[in-house]
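# Observations on chain architecture
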Amino acid sequence: MISGYHLPVAEHYEKFPYPSYPFFSLGSWKALEAVDCSKWGAAIPIRDIWIAGCGTIAPLMFARRNFGANIIASDLSSRSLFILSRRLKLFGMRNVGLKCEDLFDTKYENAFDAVDAYGVIHHTISPQKSFENLVRSLRLGGVIRVMVYSEQVRIQIEELRRRAREKDLKNIEDVKSFLLNEKLDLNGDLSHTSGIADAILNPMVHVFSRESFEKLISSVLSIKTIRLEDRGNFIFFGQKI
């Protein structure tokens, strides 16, 4: 079930599944190393993993790098999950179960040894509650990874979002024309349709300063910080205590 708060977000990702990768893409070795949950700092073996807001490809990489674990991959978008299911079948990955569900309303408790929400909670009505739900789902000693947008990194994108809203731009072709008229260096997400849609048209986005993100993290007393990376957007690793 999708929360009424997030129906616009779900509809957005039905139209623009994210991220967009060539169908036969396996992911780089560097990307695979980054999703090796045994290296995140858990105090317990990694048997069960939850990827919340999984998108179209991440669980394939998790499955390849954590082949002995049982993985639940959930997302608001059934279309994203369909694309993902085809990828998993293509590469013979059978340790991933798919669920169309809303992180905001999940009731998992002490269910997972590792949880990932990479670029997810900043698209929910309450990143605070979403983070609490993620932590609640962890077993003692389990580990979590969360990425959120940095307000500094997003300065240009947020200004473009503001101006696009002022112009009432809702069609992706109109947004592309708007960006071209700005004579911007369109790289990264702004170099392809699904990235442009996610950057400019996503209906719900929160951005964080380091201070505001640390405040969110510290408000949940059952999690301790392993490390907080801020080389761009913020990436947090924590352990359930």
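Summary of the structure given here. (Residues numbered from 1 in each chain as written. Predicted model: local features only at pLDDT ≥ 70, side-chain atom pairs only at ≥ 80, totals over all residues. Heavy atoms only, no water.)

## Structural notes on the environment of Ala73
Its place among the elements puts Ala73 in strand β2 (residues 70-75). With 24 residues separating them in the primary sequence, Ala73 and Gly97 have C-alpha atoms 6.1 Å apart. Setting aside chain neighbours within four positions, we find Ala73 in contact with Ile51, Cys54, Pro59, Leu81, Leu84, Val96, Gly97, Leu98 and Lys99. (Helix = DSSP H or I, 4+ residues; strand = E, 2+ residues; numbered from the N terminus. Contact = heavy atoms within 4.5 Å.)

## Thoughts on the side chain of Asp36
With respect to the helices, strands and loops of the structure, Asp36 is situated in the loop between α2 (29-34) and β1 (48-52). Excluding its chain neighbours within four sequence positions, the residues that come into contact with Asp36 are Arg65 and Asn66.

## Quick word on helix α6 (residues 155-166)
Side chains of residues three or four places apart in an α-helix project in the same direction, reflecting 3.6 residues per turn. Taking 1.5 Å per residue as the helical rise, α6 with its twelve residues ought to reach 16 Å, and the 17 Å between its terminal C-alpha atoms agrees with that figure. Considered for burial, the residues of α6 that qualify are Ile157, Leu160, Arg161 and Ala164. An end-on view of α6 places all buried positions within 105° of arc, on one side of the element. Turned more than 90 degrees away from the buried face of α6, the exposed residues are Ile155 and Glu166. On its buried side, α6 packs onto α7 (172-181) and α8 (193-201). Of the residues flanking the end of α6, it is Asp168, one or two places downstream, whose phi is positive at about 60°. (Expected span 1.5 Å × (residues − 1). Buried < 20%, exposed > 50% of the residue type's maximum accessible area, 1.4 Å probe, protein only. Arc of directions from axis to C-beta.)

## Observations regarding the packing of aromatic side chains
Each aromatic ring pair is described using two quantities: the centre-to-centre distance and the angle formed by the ring planes. Within the structure shown, the criterion is met by ten aromatic pairs. With a centroid separation of 5.1 Å and an interplanar angle of 80°, the aromatic rings of Tyr108 and Phe112 are classed as edge-to-face. Here the two residues Tyr108 and Phe112 agree in accessibility, since each one is buried. Aromatic side chains Phe131 and Phe236 sit 6.0 Å apart centroid to centroid with 70° between the ring planes, which places their arrangement in the edge-to-face category. Of this pair, Phe131 sits in helix α5 (residues 127-136) while Phe236 sits in strand β7 (residues 234-240), and the two are 105 residues apart along the sequence. Aromatic rings pair up to connect Phe131, Phe208, Phe213, Phe234 and Phe236 into one cluster. Lys129 extends its terminal NZ or CZ atom over the ring of Phe104, reaching a point 4.3 Å from the ring centre. The ring of Tyr149 is capped by Arg154, whose NZ or CZ atom sits 4.0 Å from the centre of that ring. (Phe/Tyr/Trp six-rings, centres within 6.5 Å; stacked < 30°, edge-to-face > 60°. Lys NZ or Arg CZ within 6 Å of the ring centre and 35° of its normal.)

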